Amino acid sequence: MDPSSQLRDRLLQAARAARRLAYCPYSHLAVGAALACEGGSIVTAANVENGSYGLTLCAERAVVARALAEGQRGFVALAIVSSAARPVPPCGACRQVLHEFAPGLTLYLQGEEGAARETTLAALLPDPFELGDQPC
Ligand code: THU
């Protein structure tokens, strides 16, 4: 198996395990994320819902926060495994947060049915807000 397929499979497996820890009593959509960091470590997280609904934290933003708290800054690839039928892509807010740290990120998405889908953050967020857009 080539190295990128090996990484994909490891990440999907880690995201599937993380999905079990999702706190999603309101939507019942469990989402697990596994982020491959430069240097080889893999950081995982799941979505955390809240009774206020609006304070819900997506798995993708949770995994970025956890990786940063562990001292990681460079990200190579992200797997997202959800309990939906189709491979669900990250929401718009998460795309922008991921872009902040890893505009070149590779994404592996998997649902309950069918094969994993491979895509890139650049394909999903073709015209992002950039830090350079702010006046200094
Ligand atoms: N969710 C994620 O974890 N990631 C996304 O990109 C989209 C949505 C979660 C949030 C909430 O707990 C549930 O899925 C339904 O929106």
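Our subject in this report is the structure included herewith. Keep in mind that what you see is a predicted model, and the values were worked out from it rather than measured. (Residues numbered from 1 in each chain as written. Predicted model: local features only at pLDDT ≥ 70, side-chain atom pairs only at ≥ 80, totals over all residues. Heavy atoms only, no water.)

**Description of the pattern of salt bridges**
Step number 1: Following the criterion strictly, the structure yields 3 salt bridges and no others.
Step number 2: With a closest N to O distance of 3.0 Å, Asp-9 and Arg-8 form a salt bridge.
Step number 3: The closest approach of N and O atoms between Arg-19 and Glu-112, which form a salt bridge, is 2.8 Å. Taken together, the positions of Arg-19 in helix α1 (residues 3-19) and Glu-112 in the loop between β4 (106-110) and β5 (117-120) put the pair 93 residues apart, joining distant regions of the chain.
Step number 4: For Arg-19, a relative accessible area of 17% gives the class buried. (Salt bridge = Lys/Arg side-chain N within 4 Å of Asp/Glu carboxyl O. Helix = DSSP H or I, 4+ residues; strand = E, 2+ residues; numbered from the N terminus. Buried < 20%, exposed > 50% of the residue type's maximum accessible area, 1.4 Å probe, protein only.)

**Let's talk about the state of the cysteines**
Step number 1: Using the criterion set out here, one finds 0 disulfides in the structure.
Step number 2: This cysteine, Cys-58, is not joined by any disulfide, and Cys-94 carries the nearest cysteine sulfur, 3.8 Å off.
Step number 3: Free of any disulfide, Cys-91 has its nearest cysteine sulfur in Cys-94, 3.6 Å distant. (Disulfide = S-S within 2.5 Å.)

**Focus on the site of the ligand**
Step number 1: In the vicinity of the ligand, the contacting residues are Ser-27, Leu-29, Val-31, Asn-47, Glu-49, Thr-56, Cys-58, Ala-59, Glu-60, Pro-90 and Cys-91.
Step number 2: Note that an oxygen atom of the ligand is positioned 2.5 Å from one of the side-chain N or O atoms of Glu-49.
Step number 3: Within the side chain of Glu-60, one N or O atom sits 2.7 Å away from a nitrogen atom of the ligand.
Step number 4: Against a free-state accessible area of 370 Å², the protein chains account for coverage of 79% of the ligand. (Near = heavy atom within 4 Å. Polar contact = N/O pair within 3.5 Å; in protein donor to acceptor, adjacent residues only side chain to side chain. Areas by Shrake-Rupley, 256 points an atom, 1.4 Å probe, with all protein chains shown as cover.)

**Here's the deal with the packing of helix α2 (residues 59-69) against helix α3 (residues 92-101)**
Step number 1: Two elements in contact, α2 and α3, have axes whose closest approach is 9 Å; the angle formed by their N-to-C orientations is 25°. Here α2 lies roughly parallel to α3, going by the angle between them. In the crossing of α2 with α3, the sense of the turn from one axis to the other is left-handed. Between α2 and α3, the residues in contact are Glu-60, Arg-61, Val-64 and Leu-68 and Ala-93, Cys-94, Val-97, Leu-98 and Phe-101, respectively.
Step number 2: Residues belonging to the contact of α2 with α3 are distributed by class as follows: 7 nonpolar, no polar and 2 charged. (Axes fitted to C-alpha atoms, helices over the stretch in contact; angles between N-to-C directions. Parallel < 35°, antiparallel > 145°, perpendicular 65-115°, else oblique. Left-handed = near helix turned anticlockwise from the far one by under 90°. Contact = heavy atoms within 4.5 Å. Nonpolar A, V, L, I, M, F, W, Y, C, P; charged D, E, K, R; others polar.)

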